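Structure assessment
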Amino acid sequence: MKTFKYLFEIEKKPRKGLIAAEWVMMGYLLLTLLFMLFTWTKLPDPEPMLWGRFRVVVTTIALWGVYRMVPCRLTMFCRVALLLALLSWWYPDTFDLNRILPNLDHRFATLEQRLFDCQPALLFAQRWTNAVFSELMYLGYSSYFYLIATITLYYFFKRYDEFQRMAFIVLGSFFVYYVIFVALPVTGPQYYYLAAGLDNISQGVFPQIGDYFLTHDEMMEMPGWKDGFFYHFMEHAHAAGERPTAAFPSSHVGVTLILLLLAWHTRSWRLTLFVLFFFLLMCMATVYIRAHYVIDVVAGIISAVIIYPILFYFRRI
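Residues numbered from 1 in each chain as written. Predicted model: local features only at pLDDT ≥ 70, side-chain atom pairs only at ≥ 80, totals over all residues. Heavy atoms only, no water.

In the contact formed by helix H2 (residues 20–38) and helix H3 (residues 46–69), the axes pass within 11 Å of each other and the chain directions differ by 160°. In terms of axis orientation, H2 runs roughly antiparallel to H3. As for how H2 packs across H3, the hand of that crossing is left-handed. Contacts from Glu-22, Met-25, Met-26, Leu-29, Thr-32, Leu-33 and Met-36 in H2 reach Pro-46, Met-49, Leu-50, Arg-53, Val-56, Val-57 and Thr-60 in H3. In the contact of H2 with H3, the residues fall into 10 nonpolar, 2 polar and 2 charged. (Axes fitted to C-alpha atoms, helices over the stretch in contact; angles between N-to-C directions. Helix = DSSP H or I, 4+ residues; strand = E, 2+ residues; numbered from the N terminus. Parallel < 35°, antiparallel > 145°, perpendicular 65-115°, else oblique. Left-handed = near helix turned anticlockwise from the far one by under 90°. Contact = heavy atoms within 4.5 Å. Nonpolar A, V, L, I, M, F, W, Y, C, P; charged D, E, K, R; others polar.)

For helix H13 (residues 269–288), built from 20 residues, the straight-helix expectation of 28 Å at 1.5 Å per residue is met to within 8% by its first-to-last C-alpha distance of 28 Å. Along H13, the sharpest change in direction is near 25° and occurs at Met-282. Among all positions in H13, only Leu-271, Thr-272, Val-275, Phe-278, Phe-279, Leu-281, Met-282, Cys-283, Ala-285, Thr-286, Val-287 and Tyr-288 are buried. Arg-290 sits one or two residues past H13 and shows a positive phi near 70°. (Expected span 1.5 Å × (residues − 1). Bend = angle between axes of the 7 residues up to and from the residue. Buried < 20%, exposed > 50% of the residue type's maximum accessible area, 1.4 Å probe, protein only.)

This part is about the nonpolar core. Counting 101 residues, the largest nonpolar core has Trp-90, Ile-151, Phe-175, Tyr-178, Tyr-192, Leu-259 and Leu-262 as the members making the most contacts within it. Take this core: its biggest share by element is 13 residues, from helix H8 (residues 163–183). With sequence-adjacent residues up to four places away left out, Ile-151 is seen in contact with Met-166, Leu-259, Leu-262, Ala-263, Leu-271 and Val-275. (Core = buried A, V, L, I, M, F, W, Y, C linked by side-chain atoms within 4.5 Å.)

Here we come to unusual backbone geometry. The omega torsion of the bond from Phe-248 to Pro-249 falls at -10°, within 30 degrees of zero and hence cis. In this fold, Pro-249 is placed in the loop between helix H11 (229–241) and helix H12 (251–265). For Ala-246, which is not glycine, the phi dihedral falls at a positive 65°. Within the element layout of this structure, Ala-246 appears in the loop between H11 and H12. The backbone of Arg-267 sits at a positive phi, close to 65°, despite the residue not being glycine.

Moving on to the side chain of Ser-143. Relative to the elements of secondary structure, Ser-143 occurs in helix H7 (residues 131–158). Its relative accessible area of 1% is what places Ser-143 among the buried residues. Ignoring sequence-local partners within four residues, the contact set of Ser-143 consists of Phe-278 and Met-282.

Of all residues in the protein chain, 99% attain a pLDDT of 70 or more, and the chain-wide mean is 95. Helix H1 (residues 2–7) is the least confidently modelled element of the protein chain, averaging 85 in pLDDT, while H12 averages 98, the highest of any element. (pLDDT = per-residue confidence, 0-100.)

Per the stated rule, a full pass over the model turns up 6 salt bridges. Here Arg-73 and Glu-9 are joined by a salt bridge, their closest N and O atoms 3.7 Å apart. With a gap of 64 residues between them, Arg-73 in helix H4 (residues 73–98) and Glu-9 in the loop between H1 and H2 connect regions that are remote in the sequence. A salt bridge links Asp-96 to Arg-99; the nearest nitrogen and oxygen atoms lie 3.4 Å apart. Residue classification places Arg-99 among the buried residues on the basis of a relative accessible area of 17%. (Salt bridge = Lys/Arg side-chain N within 4 Å of Asp/Glu carboxyl O.)

The next point concerns the state of the cysteines. Inspection of the entire model under this criterion finds 0 disulfides. Here Cys-118 stays unpaired: no disulfide links it, and the sulfur of Cys-283, its closest cysteine neighbor, is 18 Å away. By relative accessible area, which is 18% here, Cys-283 ends up buried. (Disulfide = S-S within 2.5 Å.)

With that out of the way, let us pick up a nonpolar patch on the surface. Taken together, the side chains of Ile-10, Val-66, Met-69 and Val-70 make up a nonpolar region of the molecular surface, amounting to roughly 370 Å² of accessible area. With respect to the helices and strands, Val-66 occurs in helix H3. (Patch = residues over 30% accessible without salt bridge, like charges linked within 9 Å, V, L, I, M, F, W, Y side chains within 5 Å. Areas by Shrake-Rupley, 256 points an atom, 1.4 Å probe, with all protein chains shown as cover.)

One pass over the full model with this rule turns up 39 aromatic pairs. On the numbers, 4.8 Å between centres and 55° between planes, the contact of Phe-77 with Phe-156 is tilted. A residue pair is termed long-range when its members are at least 10 positions apart, and Phe-77 in helix H4 and Phe-156 in helix H7 qualify at 79 residues. When its relative accessible area of 1% is taken as the criterion, Phe-156 is described as buried. The rings of Tyr-28, Trp-89, Trp-90, Tyr-144, Phe-145, Tyr-146, Phe-174, Phe-175, Tyr-177, Tyr-178, Phe-181 and Phe-233 are connected pair by pair, giving a single aromatic cluster. Between Arg-73 and the ring centre of Tyr-160, over which it is positioned, the NZ or CZ distance is 4.6 Å. Seen from the ring of Phe-312, Arg-165 lies directly overhead, with NZ or CZ sitting 4.1 Å from the centre. (Phe/Tyr/Trp six-rings, centres within 6.5 Å; stacked < 30°, edge-to-face > 60°. Lys NZ or Arg CZ within 6 Å of the ring centre and 35° of its normal.)

Take a look at the structure:
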């Protein structure tokens, strides 16, 4: 009964216009729309992308209208939940945009080789074949989805006065990464190694593949224990929405660190330690499953440290 009352409690000062997180999404929508217009003839299938953006705008306005009629916490939560759910639609959209640009993986793989004198993403899983360790890595990588839900629900029920700020920071960070992904077409080891050939990679040869991913989206078989529960979970997740895009910097690492900082902001040490555990797993797992180079992980950490305070204080202003 208390939860029901909490959800339908009418807000004292209902927001009249779009919330900050919605404006961030609209800004990204406009920016990518301009990119589409300038590259329209090069895009493989621009009409569904344009239609999809129209539906996003209509749905956002519709939920805003529902909130204006019933300005309670539940309708506000639905607005934020829609924005988070749409992230899974915006992610493959970055591939549709950046695959018309020449691939840059050869540069990142070359830098990785110079720094480590090997390809950690190729060797990590080969040397750690234990089933328990494999499942732990896939648990860490899949925790990305659960952590976003955990932080969102915690702020909604425990710190509602900062719920919109939290939504702005999470959504804002995602769209900052998405802009980078469109501008930097880097697919990561799981796609590039297959395209370049494992013989070349093992010999330290990293050929330039140009617009290969304009017509290809095949990825390597995931390493590790193939009978594991979390292995199969990530296998299905990749089949549903993974694309050869979004490798540098690692948004998985960056966003998870931002979620850790949001947890720390609540002063809940249980929540902070919980997220910290999965953040450490994430930093290893993203290389283990060959989704990223090590330099992607480092860039994810550095970018998150920069993005979080900017968005935190920008929302305050």
